[in-house]
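# Coordinate analysis (summary)
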There are 2 protein chains.
Amino acid sequence: MNNLLFDFISKYISLTEEEKSAIISLDLFRSVKKGTILLEEGQRTKNSYFVLKGCIRTYYVIDSEEKTTAFYTEMEALTPPCVVSKTPSEYYVSCIEDSILLVSNSDMEAEVNSKFPKFDIMCRMLSEELLAKERIDFDEFKTSSPEQRYLNLLQKRPDLIQRVPQHQLASYLGIQPQSLSRLRARILEKKS
Amino acid sequence: MNNLLFDFISKYISLTEEEKSAIISLDLFRSVKKGTILLEEGQRTKNSYFVLKGCIRTYYVIDSEEKTTAFYTEMEALTPPCVVSKTPSEYYVSCIEDSILLVSNSDMEAEVNSKFPKFDIMCRMLSEELLAKERIDFDEFKTSSPEQRYLNLLQKRPDLIQRVPQHQLASYLGIQPQSLSRLRARILEKKS
DNA sequence: ACATCTCGTTCACTAAAGTTAAGAAAGACG
DNA sequence: CGTCTTTCTTAACTTTAGTGAACGAGATGT
């Protein structure tokens, strides 16, 4: 697990052995069972999550319906907006597979960053990269139909379609579960 | 103009007079005429933009149709994804009002940041904040209908509806211009 | 002043998504 | 093993968005 993390970090900065052991000594890894709710609406938190294995999702409850808006799988990081804005969370975060997560909190990050300014650089690079990715995803979403979005997902994250329940996928695609079923039937029809 | 910029920066870090004059000496301000294309599809650039006055938009050309995905107005910053990924741009950036922009390039930023590490911190805070904002916008988009998105925009950025052409607004809302017209008529009907 | 072009709106029609309801299939649990 | 629940699918119907075409208003250019 440590190696997975260090391989990831090495894409941005290089670490000395001393820095590596400083990270290990923080004891950040957590095993989390499927179904665990990591963050609830209205709750305040300083925690960020990095998925080493498994999958977590973010969802809102609107009119007592769950609306899933994002999935985070292996080597993906989530810092909930409420951590940045220091306000109560607008959404839930839950674990949809047995997972191994790295859980860090912003106070601790600030401390580490002041000791190792390198980390600030890495955080900056990471969030710039994530912002660019998020914008492109958003743009693709805006400029395509539900059917195109599904086909696009099939290309880019085929694993998600296997490991995630359909009704969660549906709201991730911005549609109703029934529409997703129909849309998939339509696609199969076209192929034949 | 300098004051607008320094007020903005002061939300993140505090600057000494020396640092301020270092920034001014970089001579970053540009007056840009309405209609100017700042970035074209396929082009490589290292430029980021900060809008002091006016409005710029990003758009794709898909099937020879313009698809507008974002607007940036006063005190908003745009670093195109292609600057981060160092690849040719996937979209166009154009100026839709006579504007005053701050144009910086990533080489210069790197130089300034190494001289004043404070700036790295600010960039990090800024991109974390923007990422959080982008995620929330995306989530709202996913979880609402075109009509709700329009009403939402009316609440949050009423100025945009005034200053931006309808057909650009339409694709910003992820729909066709005709649908936006119809949708607006529908809303007016409901009110009466 | 005239022709041209762009933009916004409207209309009729088609296609797709929302909604409500019902039933089948798969899982969870005692 | 059967029961209960959740998940997925299908269907009928309603609502809304996409599409193609047409029109008028306003801007642009010569």
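Located above this text is the structure these notes cover.
One structure accompanies this document, and this report is about it. (Residues numbered from 1 in each chain as written. Chains lettered and ligands numbered in written order. Predicted model: local features only at pLDDT ≥ 70, side-chain atom pairs only at ≥ 80, totals over all residues. Heavy atoms only, no water.)

### Here we look at unusual backbone geometry
Phi at D63 of chain A is positive, roughly 55°, even though this residue is not glycine. In this structure, K86 of chain B is a non-glycine residue whose phi angle is positive, near 55°. Tracing the sequence through the fold places K86 of chain B in the loop between α3 (81-85) and β7 (92-95). Its relative accessible area of 68% is what places K86 of chain B among the exposed residues. (Helix = DSSP H or I, 4+ residues; strand = E, 2+ residues; numbered from the N terminus. Buried < 20%, exposed > 50% of the residue type's maximum accessible area, 1.4 Å probe, protein only.)

### Here we look at the pairing of strand β7 (residues 92-95) of chain A
All names here are of chain A. Residue alternation in β7 divides its side chains into two sets, Y92 and S94 and V93 and C95, and both sets are buried. Here strand β2 (residues 37-39) runs beside β7; their pairing, made up of 2 bridges, is antiparallel. When the bridges of β7 are listed, I37 appears paired with S94. (Pairing = 2+ DSSP bridges.)

### Examining the environment of N47 of chain A
All names here are of chain A. The topology assignment puts N47 in strand β3 (residues 47-53). Taking the C-alpha atoms as reference points, N47 and D139, 92 residues apart in sequence, are found 28 Å from one another. Not counting the four nearest positions on each side in its chain, N47 is found in contact with P80, V83, V103, S104 and N105. (Contact = heavy atoms within 4.5 Å.)

### Regarding the protein's contact with DNA strand D
In the vicinity of DNA strand D, 15 residues are found, and the nearest of them are Q166 and S181 of chain A together with S179, R182 and R186 of chain B. Sugar and phosphate atoms form 62% of the subset of DNA strand D atoms that lie within 4 Å of the protein. With respect to DNA strand D, the backbone of Q166 of chain A contributes an N or O atom lying 2.7 Å from a phosphate oxygen. Here a phosphate oxygen of DNA strand D and a side-chain polar atom of S181 of chain A are 2.7 Å apart. Looking at the surface near DNA strand D, the elements with two or more residues in it are α8 (166-172) and α9 (177-191) of chain A together with α9 (177-191) of chain B. When grouped by side-chain class, the residues that make up the surface near DNA strand D number 3 nonpolar, 8 polar and 4 charged. (Near = heavy atom within 4 Å. Polar contact = N/O pair within 3.5 Å; in protein donor to acceptor, adjacent residues only side chain to side chain. Nonpolar A, V, L, I, M, F, W, Y, C, P; charged D, E, K, R; others polar.)

### Here we look at the relation of the copies chain A and chain B
Once turned by 180° and shifted 0.0 Å along the axis, chain A lies on chain B with an RMSD of 0.0 Å. In short, the pair behaves as if placed about a two-fold rotation axis. Measuring from the rotation axis to each C-alpha of chain A, the shortest distance belongs to R124 of chain A, at 2.2 Å. Taken together, the interface assignments show that 100% of the residues at the interface of chain A recur at the interface of chain B, consistent with an identical surface on both copies. (Least-squares fit on C-alpha atoms with pLDDT ≥ 70 in both.)

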